[in-house]
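# Working through the structure, step by step
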Amino acid sequence: MAAALATIAPLALTACNRPAQPITDLMTADPDEWPSWGRTGSETHYSPLDEIDTDNVADLKLAWHYDLEPGYTASTPLMAEGKVFITTGHSHIRAFDAETGKLLWEYDGGTRERAKSALQMSWGSKGIAYNKGHVFLVTTDGYVVSLDAETGKEAWKVYDYPDDSPRNSNGAPRVFDGKVIVGFGGADISPARGFVTAYDENTGKKVWRFYTTPGDAVTPANKKAEEVMRKTWPSGWKNEDGTRRGGGGTAWNAFSYDPDLNMLYIGVGNGFPYNRDKRSPGGGDNLFLASVVAVDADTGQYKWHYQVCPGEQWDCTATTDMTLATLKIDGKERKVLMQAPKNGFFYVLDRKTGELLNQPGKIAKVTWADHIDMKTGRPVENPGIRYNGKPGMFEMWPGPTGAHSWMPQAYSPNTGLVYIPVLENGALIGEGQEGGGEITRGMGVTLIPEVDLPGGHRSFLKAWDPVKQAEVWKVELPGSWPGGVMTSAGGLVFEGQIDGKFVARDAKNGKELWSFKTVSPVVGAPITYRMNGKQYVTVITGAGGQGAGMQTIADAPYRTDYRLPRRVLTFTLDGKDTLPPFTYTEPTPPDDPTYKPDPKRSQAGFMVYAGNACLVCHGWNAVGGGAAPDLRYSPVITDADAFKAIVHGALKPNGMPPFPQISDKDLEDLRFYLRTRAQQAPAEKKAAMDKLKAAKASNAKPQDFAGKWNIVIQSPVGPQKAVLDLKVDGNVVTGTAKADQGDVDLTGAFKDGRIKIEGKASMPMPITIAYDLTVKDGELQGENSNGPFGTFPVTGTR
Ligand SMILES: O=C(O)c1cc(C(=O)O)c2c(n1)C(=O)C(=O)c1cc(C(=O)O)[nH]c1-2
Ligand SMILES: [Ca+2]
């Protein structure tokens, strides 16, 4: 079946450009391969392979591994023509034999040698593209390159940037319909106009360029879009001296493509500066900031847009995956585009017109808006979120890291569910103020993204029903930066975790069916493919991205160390490979006998640290998250000369960009700040570990359980609803469970924050039904066991 489809696909595509039959994913990618970031233009991160399934995944074993050097590894591999292709670090490409893991060739994009400011705000490249015997990459400093997939030799190379404005290219390029689609990042540091460029895949010649914010230059592709955008920037985008005041709208991650409609979808990011009063004093929606924009794939001409945060001013972006699927909504089949952007809502749009098709649900805590008005398609904002002109700081949920970031969600056409890596994180935001904490200089905003708000710093894998706009199941994950997701026809969902576990779950109920200890965290999304009739799963391990820089409160107790082994891991059902043993040595701060506390100097050093974006790689509060060395444990901070040499560029080959602009005085203050942080490190680490332990233990009291609960049991045949009615007397618990299948009387006891209760049921045969439950944040959580039928997760609400 699969082989037959693979041979039909090229025929269907060459016969004519617009076949009468709808083009399906099976035609745009060989089912055995994973040739693009989201596998196909639908960006579902779904594979039709089903050899590895819920029954046998427990036997999944390591087939091969490859050791990587330290550096950015939060990237997603590709598989095509029997090879696995990866990018790591700053555009270091490798090709492996997909069956054996043998290294076939390497290519270094040369970014580190050239590195200037582009590297200073750049996390590393997240992915690459493949088509017809070529691998396509964008170096972090903006070169678009085509490589011969057989040899790794350059076929062509072009430079993407028109001027010297700070930019960085981290997102994966895509190849759709013979064109290489390229975006970039930088709207957090520069007012430069965002744009997306389509290059001819054979020659590298520019086909069209689409700007996402208005400007003087109007390309043919931008004619119509420019009209639409300008109306929403009533005071233009320029200062009186002609320099650019406002802009941004970078498309730094997500693109989708519908070959039937011949539409390309662009996920557009935030504006610069964040504060709209500074960016656009006359107000306005400021299109296409924080919008999904559809353009004609051949010409780049504007088709429609949907803005998720009109007039955004809090790093709100629409740069998360746009998943294409066909759903039945109100009885009608609709071709939809689904997005869970940073702002916490889940949007289902008609991808032909941009129409909002159902009331967006909330995937996490959302305080910036109450709901989306279905008549206008606009958010009903909560007061306070427009901080302009108001004193003080406001709590904002989700914070600027978003309820969902670039880590891919996955959609399974079999379950109809979207699997979303969700962040539950609030932040403080207010009008720009002088002093500590302002990491967004010149933005007119004070933003504290890493703050310990109750209920924050949590992460989940959530299964979302896009038709009902409701959560079907969720699993709480360790830390606050969940890994990218992949799902397969085998009924599985694969995802890596910050605690170094790579997990396969049942797509129906989230139950963990298999896991592998990877030593380092896993952030990049896994892929799956088939070679010589055998199915494989590949993932790259190692921290990276904002999760490794800015998530220090929740991630600090986990091992995210820069020194941890990073690898490509490939699994199959009868894999025979093993990993060498690894002993972790807890890092310790360097001896620093001459250190004497000086809070003023530490504060001055902190401002240098924050103002030069050191935290992007070395971590918020200098707590390293694995993107770069944790400086609190580096001997270099006790050696003024070595420190200066490194900050000025001595370790450029390792990926440390030069910061020649930092003065000698600032350098010494910075070094003093790091020495201070080193002194504090051991006690902080212990406190983080104690807090994690306390969070794991339940502190629920007996009376927290009493009363009625609506519970959902995640059984293998789907979610089952019941009502628990509990009475608590001292430590004795009694009650009933009422469900459609009948009632069960329960008895048991409370101990250590949990209740264990059980009862006898006679349908369909005599079995013991037991519950092991705790209460956390007002929610009932635990397990339900049903004799020989198994044990399933339970959640309950009042
Ligand atoms: O505005 C931008 O241009 C831009 C670019 C990038 C990037 O290039 O990775 C990120 C962001 N914004 C951003 O807001 C964000 O939260 C973020 C997280 C990450 C990451 O790699 O983990 N990149 C980016
Ligand atoms: Ca941004």
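Computed from a predicted model, the values in this text were never measured in an experiment. (Residues numbered from 1 in each chain as written. Chains lettered and ligands numbered in written order. Predicted model: local features only at pLDDT ≥ 70, side-chain atom pairs only at ≥ 80, totals over all residues. Heavy atoms only, no water.)

On to the site of ligand 1. Close contacts around ligand 1 come from 17 residues, with Gly186, Thr250, Lys342, Trp406 and Gln546 the closest. Within the contact set of ligand 1, an oxygen atom lies 2.8 Å away from a side-chain nitrogen or oxygen of Asn170. In the environment of ligand 1, a nitrogen atom lies 3.3 Å from a nitrogen or oxygen atom belonging to the side chain of Trp252. In the complex, the protein chains occlude 99% of the 470 Å² of accessible area that ligand 1 would expose alone. (Near = heavy atom within 4 Å. Polar contact = N/O pair within 3.5 Å; in protein donor to acceptor, adjacent residues only side chain to side chain. Areas by Shrake-Rupley, 256 points an atom, 1.4 Å probe, with all protein chains shown as cover.)

Before going further, it helps to examine the coordination of the calcium ion (ligand 2). Asp188 (OD), Asp188 (OD), Asn270 (OD1) and Asp315 (OD) make up the full set of protein donors to the calcium ion (ligand 2), lying at 2.3 to 2.7 Å. Mapped onto the sequence, the residues coordinating the calcium ion (ligand 2) show the spacing D-x81-N-x44-D. Residue Asp188 is located in the loop between β12 (179-182) and β13 (195-200), and its partner Asn270 is located in the loop between β17 (263-267) and β18 (271-272); the two are separated by 82 residues in the primary sequence. Overall, Asp188 belongs to the partly exposed group, its relative accessible area being 31%. (Donors = N, O, S within 2.8 Å, 3.2 Å for Na, K, Ca; no water. Helix = DSSP H or I, 4+ residues; strand = E, 2+ residues; numbered from the N terminus. Buried < 20%, exposed > 50% of the residue type's maximum accessible area, 1.4 Å probe, protein only.)

On to the UniProt feature "binding site: heme c" (unreviewed entry) in the chain. Within the UniProt annotation, "binding site: heme c" (unreviewed entry) is assigned to Cys614, Cys617, His618 and Met656. Taken along the chain, the residues just named run across 43 residues; in space they keep tight, none of their C-alpha pairs more than 10.5 Å apart. Along the polypeptide, His618 turns up in helix α10 (residues 615-618). In this structure, His618 is in contact with Tyr609, Val623, Gly624, Ala628, Pro629, Leu631 and Met656, ignoring residues within four places of it in sequence. For Met656, the position within the fold is in the loop between α11 (640-650) and α12 (664-696). When near neighbours in sequence (up to four residues on either side) are disregarded, Met656 contacts His618, Ile646, Val647 and Leu651. (UniProt positions renumbered as here; feature names shortened; annotations may be inferred. Contact = heavy atoms within 4.5 Å.)

Its place among the elements puts Arg559 in the loop between α8 (552-555) and β40 (566-572). What makes Arg559 partly exposed here is its relative accessible area of 44%. For the pair formed by Arg559 and Pro521, sequence separation is 38 residues and the distance between their alpha carbons is 7.5 Å.

Take the pairing of strand β43 (residues 732-739) next. One ladder, built from seven bridges, connects strand β42 (residues 718-729) with β43; its direction is antiparallel. Along β43, the bridge assignment pairs Asp725 with Thr736. Here β42 folds back onto β43, and the loop between the two strands holds two residues, one of which, Gly730, carries a positive phi near 65°. Taken together, the eight bridges between β43 and strand β44 (residues 742-751) define a ladder with antiparallel strand orientation. Bridging across to β44, Lys738 finds its partner in Asp743. Taken together, β43 and the strand that follows it, β44, pair antiparallel across an intervening segment of two residues. (Pairing = 2+ DSSP bridges.)

Looking now at helix α9 (residues 599-611). One full turn of an α-helix is made of 3.6 residues, so residues set three or four places apart face in the same direction. Helix length check: α9, at 13 residues, gives a terminal C-alpha distance of 18 Å against a target of 18 Å (1.5 Å per residue), a fit within 8%. Looking only at α9, the buried set comprises Ser602, Gly605, Phe606, Val608, Tyr609 and Ala610. Of the residues flanking the end of α9, it is Ala613, one or two places downstream, whose phi is positive at about 60°. (Expected span 1.5 Å × (residues − 1).)

Attention shifts here to the packing of aromatic side chains. If you walk through the whole model with that rule in mind, you get 32 aromatic pairs. With a centroid separation of 5.5 Å and an interplanar angle of 40°, the aromatic rings of Trp64 and Phe96 are classed as tilted. On the criterion of sequence distance, the pair formed by Trp64 in strand β2 (residues 61-68) and Phe96 in strand β5 (residues 92-97) is long-range, its members being 32 residues apart. Given the relative accessible area of 0%, Phe96 is considered buried. Centre to centre, the rings of Phe502 and Trp514 are 5.7 Å apart; their planes meet at 85°, and the pair counts as edge-to-face. Of the two residues, Phe502 is situated in strand β36 (residues 501-506) and Trp514 in strand β37 (residues 512-517); the sequence distance between them amounts to twelve residues. Residue Phe502 is classed as buried on the basis of its relative accessible area of 0%. Each member of the aromatic cluster is reached from another via a ring pair, and the members are Tyr143, Tyr159, Tyr161, Phe184, Phe195 and Tyr211. One residue, Lys462, lies across the ring of Phe460, its end atom 5.0 Å from the ring centre. The ring of Trp709 carries the charged tip of Arg798 above its face, separated from the ring centre by 3.9 Å. (Phe/Tyr/Trp six-rings, centres within 6.5 Å; stacked < 30°, edge-to-face > 60°. Lys NZ or Arg CZ within 6 Å of the ring centre and 35° of its normal.)

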